[in-house]
Amino acid sequence: MTSTVSAPTSASKSGSASASPAKGLVCRACGAEYPLIAQHACYECFGPLEVAYDEAALARVTREQIEAGPQNIWRYAGLLPTGQDPATRVTLDPGLTPLVSAPSLAAAVGLRAPLFVKDDSANPTHSFKDRVVSVALTAARGLGFTRFACASTGNLANSVAAHAARAGVPSIVFIPYDLEQGKIITTAVYGGDLVAIEGSYDDVNRLCGELVETDEFEDTAFVNVNVRPFYAEGSKTLGYEVAEQLGWRIPAQVVIPMASGELLTKVDKAFSELVEIGLATAPEGGWTVFGAQSAGCNPIATALQAGTDEITPVKPTGIAKSLNIGDPAAGAYAIEAVRRTGGWMDYADDDEIRAGIRLLAETTGIFAETAGGTTVAVLKKLVESGKLDPDKETVVYNTGEGLKTIDAVADQVGPTYQIKPSLRGAREAGLLG
């Protein structure tokens, strides 16, 4: 595919210009520039590409335009590379998920300042992946692709299959064969092709990178391969929303789960954009970014703690399968963001993750999947180690729904009592005096 994403020029109902503010793709490593095409790696140095914007176009976006927009991620269309014309969107309309005040969780982990949980399990397929898929597949449609695909650890497969079903487009998604059953079922139910690979996610991703170069897959958009630059930009909406929900200000500290590391880098990018164009105010001294990984797959955190930029790939293990990317594409950029903002990274083992899931549920009423348990467990460790300031406002990100990874805590929770259906049974169990 060599066509470019079209840029519609009509005006939206909210009054904001609907032309895309994106001007092209740029290499993160060497700065080489490319048009808005289906390409994810630089031809000069093989570095990753990301979307570059016309800063003047971004600066024309106002709070009033955003607030008058739809109650989903497309309220930020003026800050995104595609989807300015509603008729062009391939979307489940995700976003504007709850920002939950969490005083009981704050007290439990030793925070004195306000703590919030950005709960993205409230999205249509119950993970933050609906954001990135909506942006990526809207770009893919503009580029002329006729089939949608991805390499996934589960949540992305759910989202691509659901988006394709609603759009009436064929899908084919690739997953490791040993994913949680909940994620397999919640992908297969949408009726697209589901391919289970006898290997790890990194094996799946490698195969998809090879398939995209074949004639048979020429018309297939792999959201996290050939249209990855657009896909990655969808993550910025998690940063935009938190700032808007806090009254157009950036939180002092954020804790973000890491698989590829891209979510962390894009939330940080979103904060920077909002401050640069005057839509949000930064805290005094700036914001600090923290990353959370599973001990079973922690190559980014290990590199940061070792003081190096070199990330050594690992073979993932452990229950946090949605974070199991052993060779993280954006790991170096996540390290850069954390260092630049004065943050840190840590990791949690399986028992700590399970405890994190239960602590979040017991204090906020949010049932998170293993990635959310990882984030809460790492938040606790960051406070205990003194890396995270307990007197600064903090936001932690829950990226998925606990019902998808129910096996993680299935043997730890259950009925408190089992009684006969009688007052005598209740009294014998101690429920009556």
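Quick note: structure is the one above.
Residues numbered from 1 in each chain as written. Predicted model: local features only at pLDDT ≥ 70, side-chain atom pairs only at ≥ 80, totals over all residues. Heavy atoms only, no water.

(A) Focus on the nonpolar core. Formed by 82 residues in total, the largest nonpolar core has its most connected members in Leu-79, Phe-148, Val-223, Val-227, Met-345 and Tyr-397. Tallying contributions element by element places helix H4 (residues 129-142) first for this core, with seven residues. Contacts of Met-345, omitting those with residues within four sequence positions, involve Met-258, Gly-291, Ile-300, Ala-301, Leu-304, Gln-305, Ala-334, Ile-335 and Val-338. Counting 46 residues, the second largest nonpolar core, distinct from the first, contains Ile-353, Ala-368, Val-383 and Ala-408. (Core = buried A, V, L, I, M, F, W, Y, C linked by side-chain atoms within 4.5 Å. Buried < 20%, exposed > 50% of the residue type's maximum accessible area, 1.4 Å probe, protein only. Helix = DSSP H or I, 4+ residues; strand = E, 2+ residues; numbered from the N terminus. Contact = heavy atoms within 4.5 Å.)

(B) Structural view of a nonpolar patch on the surface. On the surface, a cluster of nonpolar side chains totalling about 480 Å² of accessible area is made up of Tyr-417, Ile-419, Leu-423, Leu-431 and Leu-432. Its location among the elements puts Leu-423 in helix H15 (residues 423-428). (Patch = residues over 30% accessible without salt bridge, like charges linked within 9 Å, V, L, I, M, F, W, Y side chains within 5 Å. Areas by Shrake-Rupley, 256 points an atom, 1.4 Å probe, with all protein chains shown as cover. Salt bridge = Lys/Arg side-chain N within 4 Å of Asp/Glu carboxyl O.)

(C) Representation of a negative patch on the surface in the model. On the surface, Asp-215, Glu-216, Glu-218 and Asp-219 cluster together into a negatively charged patch. By the secondary structure assignment, Asp-215 is in the loop between helix H7 (201-211) and strand S9 (220-222). Assessed through its relative accessible area of 68%, Asp-215 is described here as exposed. (Lys, Arg positive; Asp, Glu negative; His and termini not counted. Charge placed at Lys NZ, Arg CZ, Asp CG, Glu CD.)

(D) Structural view of the packing of aromatic side chains. Tallied over the full model, the rule gives six aromatic pairs. On the basis of an interplanar angle of 90° and a centroid distance of 5.6 Å, the ring pair of Tyr-34 and Tyr-43 is categorised as edge-to-face. By relative accessible area, Tyr-43 is classed as exposed at 60%. With 6.0 Å between their ring centres and 25° between their planes, Phe-174 and Phe-222 make a pair best called stacked. Remark: Phe-222 occurs in strand S9 and Phe-174 occurs in strand S7 (residues 171-176); sequence separation between them is 48 residues. (Phe/Tyr/Trp six-rings, centres within 6.5 Å; stacked < 30°, edge-to-face > 60°.)

(E) Region of interest: the pattern of salt bridges. Taken as a whole and judged by the stated rule, the model has 26 salt bridges. Asp-268 is the salt-bridge partner of Arg-340, the closest N and O atoms lying 2.4 Å from each other. Here Arg-340, found in helix H12 (residues 331-341), pairs with Asp-268, found in helix H10 (residues 262-276); they are 72 residues apart in sequence, far enough to count as distant. For Asp-268, a relative accessible area of 5% gives the class buried. As a salt-bridge pair, Arg-424 and Glu-428 come within 2.9 Å of each other at their nearest N and O atoms. Of this pair, Arg-424 and Glu-428 both sit in helix H15, four residues apart, which is roughly one turn of that helix. The exposure classification of Arg-424 matches that of Glu-428, with both residues exposed. Overlapping salt bridges, with partners in common, bring together Arg-28, Glu-50, Arg-228, Glu-233, Lys-236, Glu-262, Lys-266, Lys-269 and Glu-273 in one network.

(F) Structural detail: the environment of Trp-74. One can find Trp-74 in the loop between helix H2 (63-67) and strand S4 (99-101). Taking the C-alpha atoms as reference points, Trp-74 and Asp-93, separated by 19 residues in sequence, lie 7.5 Å from one another. A distance of 3.1 Å separates a polar atom in the side chain of Trp-74 from a polar atom in the side chain of Thr-91. (Polar contact = N/O pair within 3.5 Å; in protein donor to acceptor, adjacent residues only side chain to side chain.)

(G) Geometry of the sheet that holds strand S11 (residues 288-294). What the six strands build is an open sheet, ordered S4-S5-S13-S10-S11-S12; its pairing is mixed. Every interior strand has two partners, whereas the edge strands, S4 and strand S12 (345-348), have only one. Geometrically, the sheet is characterised by an average inter-axis angle of 25° between neighbouring strands, direction not taken into account. Strand direction decides the pairing type here: strand S5 (residues 115-119) and strand S13 (residues 394-398), joined by five bridges, are parallel. Paired with Leu-115 across the bridge in S13 is Thr-394. Across the face of the sheet, H10 comes into contact with strand S10 (253-257), S11 and S13 while running at roughly 150° to S10. (Pairing = 2+ DSSP bridges. Axes fitted to C-alpha atoms, helices over the stretch in contact; angles between N-to-C directions.)

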